[in-house]
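What follows is each chain in one-letter form.
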Amino acid sequence: MKSLIKIFAIAVVLISAVSCQENGRPNYQFMPNMYESVGYETYSETAAFRNGVEAQLPADDAIARGHMPFTIPNTLEGYDDAKLNLMNPLDSTLIDAKRGKELYDIYCGICHGTKGDGQGNLVKREKILGVPQYDDAGRNITVGSVYHTIYYGKNAMGSYKNQLLDEERWQVAAYVMQLKADLEK
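None of these values were measured; they are calculated from a predicted model. Note on numbering: residues in each chain are counted from 1, in written sequence order. Local features in this predicted model are restricted to residues whose pLDDT is 70 or higher, and side-chain atom pairs enter the listing and the counts only when it is 80 or higher, whereas totals over whole chains, interfaces and linings include all residues. The basis for the side-chain values is all heavy atoms of the structure; hydrogens and waters are excluded.

Novice: Where do I start with the packing of aromatic side chains in this structure?
Specialist: The relation between two aromatic rings is expressed through the spacing of the ring centres and the mutual angle of the planes. Centres within 6.5 Å are what make two rings of Phe, Tyr or Trp a pair, Trp counting through its six-membered ring; a difference in plane orientation under 30 degrees is then read as stacked, over 60 as edge-to-face, and the rest as tilted. Within the structure shown, the criterion is met by nine aromatic pairs. Measuring from centroid to centroid gives 5.7 Å for Phe70 and Tyr152, while their planes differ by 45°, and the two rings are tilted. With Phe70 in the loop between helix H2 (32-35) and helix H3 (76-85) and Tyr152 in helix H7 (residues 143-152), this pair connects stretches of sequence that are 82 residues apart. There is no split in this pair, since Phe70 and Tyr152 are both buried. Every helix listed is a DSSP run of H or I at least four residues long, and every strand listed is a run of E at least two residues long, numbered separately from the N terminus. Exposure classes here rest on a 1.4 Å probe applied to the protein chains alone. A residue is buried below 20% of its type maximum, exposed above 50%, and partly exposed in between.

Novice: It is not clear to me how the pattern of salt bridges should be interpreted in this structure. Could you clarify?
Specialist: Pairing is possible between side chains of opposite charge, provided their charged atoms come close. One speaks of a salt bridge when a side-chain nitrogen belonging to Lys or Arg is within 4 Å of a carboxyl oxygen belonging to Asp or Glu. This structure, assessed with the given rule, holds six salt bridges. A salt bridge links Asp166 to Arg169; the shortest N-O distance between them is 3.5 Å. One end of the pair is Asp166 and the other is Arg169, both in helix H8 (residues 166-183) and three residues apart, which spans about a single turn. The partner of Lys185 in a salt bridge is Asp182, and the shortest N-O contact between them spans 3.7 Å.

Novice: Looking at this structure, I do not really get the side chain of Ser145. What am I missing?
Specialist: Its place among the elements puts Ser145 in helix H7. Every residue pair with non-hydrogen atoms within 4.5 Å of one another is taken to be in contact. Apart from residues no more than four positions distant in its own chain, Ser145 is found in contact with Tyr79, Ala82 and Lys83.

Novice: What's the story with the nonpolar core in this structure? I'm lost.
Specialist: Side chains that are nonpolar tend, in soluble globular proteins, to be buried together. Put simply, a nonpolar core is a bunch of buried Ala, Val, Leu, Ile, Met, Phe, Trp, Tyr and Cys residues held in one set by side-chain atoms that sit within 4.5 Å of each other. In terms of nonpolar packing, the biggest core is built from 23 residues, with Phe70, Leu86, Tyr104, Trp170, Val172 and Val176 touching the most fellow members. Put simply, the parts of the chain that give this core at least two residues each are helix H4 (97-107), H7 and H8. Residues within four places of Trp170 in sequence aside, it is in contact with Leu86, Met87, Asn88, Pro89, Leu90, Val143 and Tyr147.

Novice: Sorry if this is basic, but what is going on with unusual backbone geometry here?
Specialist: Peptide bonds are mostly trans, and most non-glycine residues show a negative phi. Residue Asp61 is not a glycine yet carries a positive backbone phi of 60°. Mapping Asp61 onto the fold places it in the loop between H2 and H3. Despite not being glycine, Glu126 has its phi angle at roughly 60°, a positive value. The topology assignment puts Glu126 in the loop between helix H6 (121-124) and H7. Judged by its relative accessible area of 63%, Glu126 falls in the exposed class.

Bear in mind that shape data such as this cannot, by itself, settle questions of function.
Written as structure tokens, this is what we have:
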């Protein structure tokens, strides 16, 4: 029993000695470059690159990972080309009408109306005028023309390419075609 008390007393003394050490000074660093990396100034001079500048431009014709450029131009001929030839790359199993409706209501419904009838809140409040219905015979929209319009904008409508991802734009275009079909019934 006395030896147990002696062991306990020694443990208490060791624990108190260890707990009272000063932690304000850092311990020895095995690889200091891992802890304190060299901070490079963005526009500073360097010998690492040929042009002598730290900041570098991406390589010519570089494409961001996961992004495919839209090659159809923002012209009337490009719109007609998209209207005739551009098809939705999402097959029927990837088209999510619920997601398309959510995105449509957020970005498009305020002007075009939740039913695609051109009677959104801004039109009802007369903040903007002249938003046509999706089933207007003169428009004859296709999924390609809808995507082109979402990407570049048209007339008073601005571009939504920065607000919607590529897949989301196709979801919205598919939902617009669904609204058009519902209006034509």
